Amino acid sequence: MSSLNRIQLIGRLGQDPEIQRFESGAIKAKFSVATNYSYSTPDGQKIEETEWHNVVMWYKLAEIAEKFLKKGSQVYIEGKLKTRSWEDTQTNTKKYITEIEVRDFSGLTMLDTRNSGNQGGQVGSVSAAVNAEIQEGEDLPF
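Residues numbered from 1 in each chain as written. Predicted model: local features only at pLDDT ≥ 70, side-chain atom pairs only at ≥ 80, totals over all residues. Heavy atoms only, no water.

Asker: What should I look at first to understand the overall build of the protein in this one?
Answerer: Helix and strand counts for the protein come out as 2 helices and 8 strands. Element order for the protein, N to C, with α for helix and β for strand: β-β-β-β-α-β-β-β-β-α. A buried classification covers 33% of the 142 residues belonging to the protein. With the model as given, the accessible surface of the protein reaches about 9,300 Å², and the carbon-plus-sulfur share is 47%. (Helix = DSSP H or I, 4+ residues; strand = E, 2+ residues; numbered from the N terminus. Buried < 20%, exposed > 50% of the residue type's maximum accessible area, 1.4 Å probe, protein only. Areas by Shrake-Rupley, 256 points an atom, 1.4 Å probe, with all protein chains shown as cover.)

The structure is reproduced here in structure tokens:
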């Protein structure tokens, strides 16, 4: 039997994407997404919890994230969980981080309405954002 490594989230960005450009030409965008969960205790007290998720996108997706995503943007994210480690030289300890790696365009859908001037508002996938750019005559992000 094969395995499955897929995560789906709907949440809001905790900060603008942090963009890194490498000498090789690669571009990386990383940001956090908050998801909320609320429930009531047996005594009727409402509890709300926020979970933070680290998201990473590369290349063309990173360019789109840089251009369209901002702190507070609501997004649908689909990707795979990836854990990496590194040695912290200051404390001489091994550190770990688990991230959601978005690997293709279907893994990012912008859920906020966006005033594009030509349609009033738009909710949609990366392809909808790219189509809006074509209609506005701007250069494609890839």
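The structure having been displayed, the exposition proceeds.
Asker: Help me understand the nonpolar core in this model?
Answerer: Across soluble globular proteins, nonpolar side chains show a tendency to be buried alongside one another. One finds Phe31, Met57, Leu69, Ile77 and Leu108 to be the most contacted residues of the largest nonpolar core, which totals 21 residues. In terms of residue count, the dominant contributor to this core is helix α1 (residues 59–68) (5 residues). (Core = buried A, V, L, I, M, F, W, Y, C linked by side-chain atoms within 4.5 Å.)

Asker: In this structure, what is going on with the side chain of serine 32? I would like to understand it.
Answerer: Along the chain, serine 32 falls in strand β3 (residues 27–40). With near-sequence residues (within four places) excluded, serine 32 lies in contact with Arg12, Leu13, Gly14, Gln15, Trp52 and His53. (Contact = heavy atoms within 4.5 Å.)

Asker: Can you walk me through α1 in this structure?
Answerer: Each α-helix turn comprises 3.6 residues. Residues three or four places apart therefore point the same way. Restricting attention to buried positions, one finds in α1 the residues Leu61, Ala62, Ile64, Ala65 and Phe68. All buried residues of α1 lie within an arc of 160° about the axis, which places them on one face of the element. (Arc of directions from axis to C-beta.)

Asker: For this particular structure, what's the right way to read the environment of serine 85?
Answerer: Here serine 85 is to be found in strand β5 (residues 74–88). Distance from serine 85 to tyrosine 96, taken between C-alpha atoms, is 4.4 Å for residues 11 residues apart in sequence. Discounting chain neighbours no more than four positions away, the residues touching serine 85 are Lys94, Lys95 and Tyr96.

Asker: Would you mind showing me how to read the confidence of the model for the protein here?
Answerer: Note that predicted coordinates carrying low pLDDT should not be read in detail. Scored by pLDDT, the protein comes out at a mean of 85, with 79% of its residues at no less than 70. Note on residues 115–122: pLDDT under 50 across the span, and 14 contacts to partners over four residues away in sequence or across chains. Low confidence marks residues 133–142, where pLDDT is under 50. Its contacts with residues over four positions away, or in another chain, come to 21 contacts. (pLDDT = per-residue confidence, 0-100.)

Asker: Would you take a moment to explain the pairing of strand β1 (residues 7–13) for this structure?
Answerer: A regular strand carries its side chains on alternate faces of the sheet. Across 6 bridges, β1 lies against β5 in antiparallel orientation. Looking at β5, one finds that glycine 11 is bridged to valine 75. Bridge analysis of β1 against β3 gives 2 bridges, and the strand direction is antiparallel. In the strand pairing of β3, leucine 13 is matched with valine 33. (Pairing = 2+ DSSP bridges.)

Asker: For this particular structure, what's the right way to read the environment of isoleucine 47?
Answerer: In this structure, isoleucine 47 sits in strand β4 (residues 46–58). Discounting residues that sit within four places of it in the chain, isoleucine 47 has contacts with Tyr37, Ser38, Tyr39 and Thr41.

Asker: Just to check I follow, could you spell out unusual backbone geometry for this structure?
Answerer: Phi is mostly negative for residues that are not glycine, and the peptide bonds are mostly trans. Non-glycine residue tyrosine 59 carries a positive phi angle of around 55°. Topologically, tyrosine 59 is positioned in helix α1. Not every positive phi belongs to a glycine, and asparagine 92 is a case in point at roughly 55°. Among the structural elements, asparagine 92 can be located in the loop between β5 and β6 (93–102).

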